[in-house]
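Geometric and topological summary
Chain residues, written in single-letter form:
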Amino acid sequence: MKHKGFVLWFTGLSGSGKSTLANEIYKKLKVNGTKIEKLDGDVVRENLTKDLGFSPEDRDENIRRIGFVSNLLSKNGVAVLASFISPYIHQRKDLRAKVENYIEVFVNASLEVCEARDVKGLYKKARTGEIPLFTGITDPYEAPDNSDIELRTDELSVDECVNQIINYLKKKGFIFFD
Ligand SMILES: Nc1ncnc2c1ncn2[C@@H]1O[C@H](COP(=O)(O)OP(=O)(O)O)[C@@H](O)[C@H]1O
Ligand SMILES: [Mg+2]
């Protein structure tokens, strides 16, 4: 299988399914010989943007740096899977303008479902005030209205979501068989 460089940018609330979907897509494309890189919130914050916190300014700078790196990879033919809440409309507008072959995936599940999943126990901490400025609770998530792919992960299975993404990549010619 051949492929172009592109960036699948997963945006959505904590617990909506960004990392889960990125991991599944990674496995699927990797076995087919794709040059592929995953950028995920926690690992990136630990290594690339450790100096930043969760104020609006720091959130912007975090996304700006990751967008910069994603663009370099994409321009050089790498498939990038970027999983970041990226809560603000202006952040994603900026990414779309600057990142080559930017594909926005809105990983959409209701706050109620994400909070019930509470994969990392963060919502609980946000509710007690242990974590201030938590997206969806004490900081806004500005839902996209112009994403390239929207997936209701509170209605669809992981497999169904993965298939939709793969079909999109095929349809748009980002991955293809020679
Ligand atoms: N269709 C779906 N897509 C992605 N995750 C799903 C889906 N349905 C249920 N889940 C579950 O939701 C949780 C999402 O957690 P995670 O991927 O860590 O979220 P995020 O990275 O957005 O914070 C996982 O436990 C996953 O198994
Ligand atoms: Mg995650």
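Structure: see above.
Presented here is a report on the structure given in the accompanying data block. Bear in mind that the values here come from a model prediction, so they are computed numbers and not experimental data.

**Side note on the site of ligand 1**
Contacts to ligand 1 come from 16 residues, most closely from Gly-15, Lys-18, Ser-19, Thr-20 and Leu-156. Ser-16 is positioned such that a nitrogen or oxygen atom in its backbone is 3.3 Å from an oxygen atom of ligand 1. Contact between ligand 1 and Leu-156: a nitrogen atom at 2.8 Å from a main-chain N or O atom of the residue. The biggest single contributor to the shell around ligand 1 is helix α1 (residues 18-30), with 4 residues. For the shell around ligand 1, the class distribution of residues is 6 nonpolar, 8 polar and 2 charged.

**Let's talk about the environment of Glu-57**
Looking at where Glu-57 falls in the secondary structure, it is placed in helix α3 (residues 56-75). Judged by its relative accessible area of 57%, Glu-57 falls in the exposed class. Once the C-alpha coordinates of Glu-57 and Leu-8 are considered, the two residues, 49 residues apart in sequence, prove to be 24 Å apart.

**Things to note about the nonpolar core**
Phe-6, Leu-8, Phe-10 and Leu-169 are the most contacted members of the largest nonpolar core, which has 23 residues in total. Of all the secondary structure elements, the ones that give two or more residues to this core are β2 (6-11), α1, β4 (79-83), β5 (102-108), β6 (149-152) and α7 (158-171). Per element, the largest residue contribution to this core is 6 residues, and it comes from α7. Within the second largest apolar cluster, 13 residues are counted, among which are Trp-9, Val-44, Ile-66 and Ala-82.

**Considerations on the pattern of salt bridges**
Close approach of charged atoms allows side chains of opposite charge to pair. Scanning the model with the defined rule gives 12 salt bridges in all. Across the pair Glu-61 and Arg-64 runs a salt bridge whose closest N-O atoms are separated by 3.0 Å. Here Glu-61 pairs with Arg-64, and both are found in helix α3, just 3 residues apart, close to one helical turn. Each of Asp-51, Glu-61, Arg-64 and Arg-65 takes part in a single network of salt bridges with overlapping partners.

**Quick notes on helix α4 (residues 89-98)**
Along α4, the positions that sit buried rather than exposed are Gln-91, Arg-92 and Leu-95. Looking straight down α4, one finds that the buried residues subtend no more than 90° of arc, so they occupy a single side. The exposed residues of α4 that point more than 90 degrees off its buried face are Lys-93 and Ala-97. Check the buried side of α4 and you find it contacts β2, α3 and β5.

**Structural notes on the sheet that holds β6**
Backbone-to-backbone hydrogen bonds pair the strands of a sheet. The strands run either parallel or antiparallel. Read from one edge to the other, the open sheet built from 5 strands follows the order β3-β4-β2-β5-β6, with strand pairing classed as parallel. Each having just a single partner strand, β3 (36-40) and β6 make up the two edges of the open sheet. Between one strand axis and the next, the sheet turns through 15° on average, direction left out of account. In this structure, β2 lies alongside β5, joined through 5 bridges in parallel fashion.

Rules and cut-offs
Residues numbered from 1 in each chain as written. Chains lettered and ligands numbered in written order. Predicted model: local features only at pLDDT ≥ 70, side-chain atom pairs only at ≥ 80, totals over all residues. Heavy atoms only, no water. Near = heavy atom within 4 Å. Polar contact = N/O pair within 3.5 Å; in protein donor to acceptor, adjacent residues only side chain to side chain. Helix = DSSP H or I, 4+ residues; strand = E, 2+ residues; numbered from the N terminus. Nonpolar A, V, L, I, M, F, W, Y, C, P; charged D, E, K, R; others polar. Buried < 20%, exposed > 50% of the residue type's maximum accessible area, 1.4 Å probe, protein only. Core = buried A, V, L, I, M, F, W, Y, C linked by side-chain atoms within 4.5 Å. Salt bridge = Lys/Arg side-chain N within 4 Å of Asp/Glu carboxyl O. Arc of directions from axis to C-beta. Contact = heavy atoms within 4.5 Å. Pairing = 2+ DSSP bridges. Axes fitted to C-alpha atoms, helices over the stretch in contact; angles between N-to-C directions.

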